[in-house]
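Chain by chain, the residues run as shown.
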Amino acid sequence: MADTIFSKIIRKEIPADIVYEDDEFLAFRDIAPQAPVHILVIPKKEIPTVNDIEEEDANLIGRLFLVAKQLASKLGISESGYRLVINCNKDAGQAVYHLHLHLLGGRKFSWPPG
Ligand code: AMP
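To keep things clear, this report deals only with the structure shown in the data block. Computed from a prediction, not measured in an experiment: that's the story for all the values here.

1. Regarding the layout of surface pockets
Estimated volume of the largest pocket: approximately 310 Å³. Tallying contributions element by element places helix α1 (residues 5-10) first for the lining of the largest pocket, with 3 residues. Classifying every residue of the lining of the largest pocket gives 11 nonpolar, 5 polar and 3 charged. In this structure, the second largest pocket occupies an estimated 250 Å³ of space.

Set out below in structure tokens:
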């Protein structure tokens, strides 16, 4: 499977501003933040895109959202609100082919997205 920059962050081969880590997940600040809070929450398992999620990953993906929810609370944006985004493939602008959940908050977001 293709090694991405996020695999290197998981292995601590390149630095990142890590805000959470456990056996299954890593969360770190996006290097080009689009909001006052912009965290990437990733499973350590290498899943390239949403299209590659398998039935066996169902619990893992559920826990990915629980980590995001807990981080939103810890970072003080639970009540003001936040946006969770997963880009899949080129039309959505996916740049890194290791599944990641963007946790964005600290400002208002428009809808629909541009
Ligand atoms: P996506 O377009 O959904 O694939 O998002 C990839 C995200 O990864 C972008 O928001 C980038 O700014 C972010 N990113 C790329 N390299 C790094 C890095 N080394 N550390 C933190 N965030 C990164």
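We are not done yet, so read on.
2. Some points on the sheet that holds strand β4 (residues 82-85)
Read across the sheet, 5 strands follow the order β1-β2-β3-β5-β4 without closing on themselves; strand pairing throughout is antiparallel. A strand with exactly one partner marks an edge of an open sheet, and here the two such strands are β1 (18-21) and β4. Here the average twist between neighbouring strands, direction ignored, is 20°. Summarising the sheet, β4 and strand β5 (residues 101-105) pair through 4 bridges and their orientation is antiparallel. Its bridge partner lying in β5, Y82 is registered against G105. Here helix α2 (residues 58-74) sits on the sheet and contacts β1, β2 (25-29), β3 (37-43), β4 and β5; the angle it forms with β3, its principal contact strand, is near 155°.

Conventions we followed
- Residues numbered from 1 in each chain as written.
- Predicted model: local features only at pLDDT ≥ 70, side-chain atom pairs only at ≥ 80, totals over all residues.
- Heavy atoms only, no water.
- 1 Å grid on protein atoms, 1.4 Å probe; cavity = no way out; pocket = protein on both sides within 12 Å on 5 of 7 lines; lining within 4 Å.
- Points joined across faces, edges and corners; volume = space filled by probe spheres on them.
- Helix = DSSP H or I, 4+ residues; strand = E, 2+ residues; numbered from the N terminus.
- Nonpolar A, V, L, I, M, F, W, Y, C, P; charged D, E, K, R; others polar.
- Pairing = 2+ DSSP bridges.
- Axes fitted to C-alpha atoms, helices over the stretch in contact; angles between N-to-C directions.
- Contact = heavy atoms within 4.5 Å.

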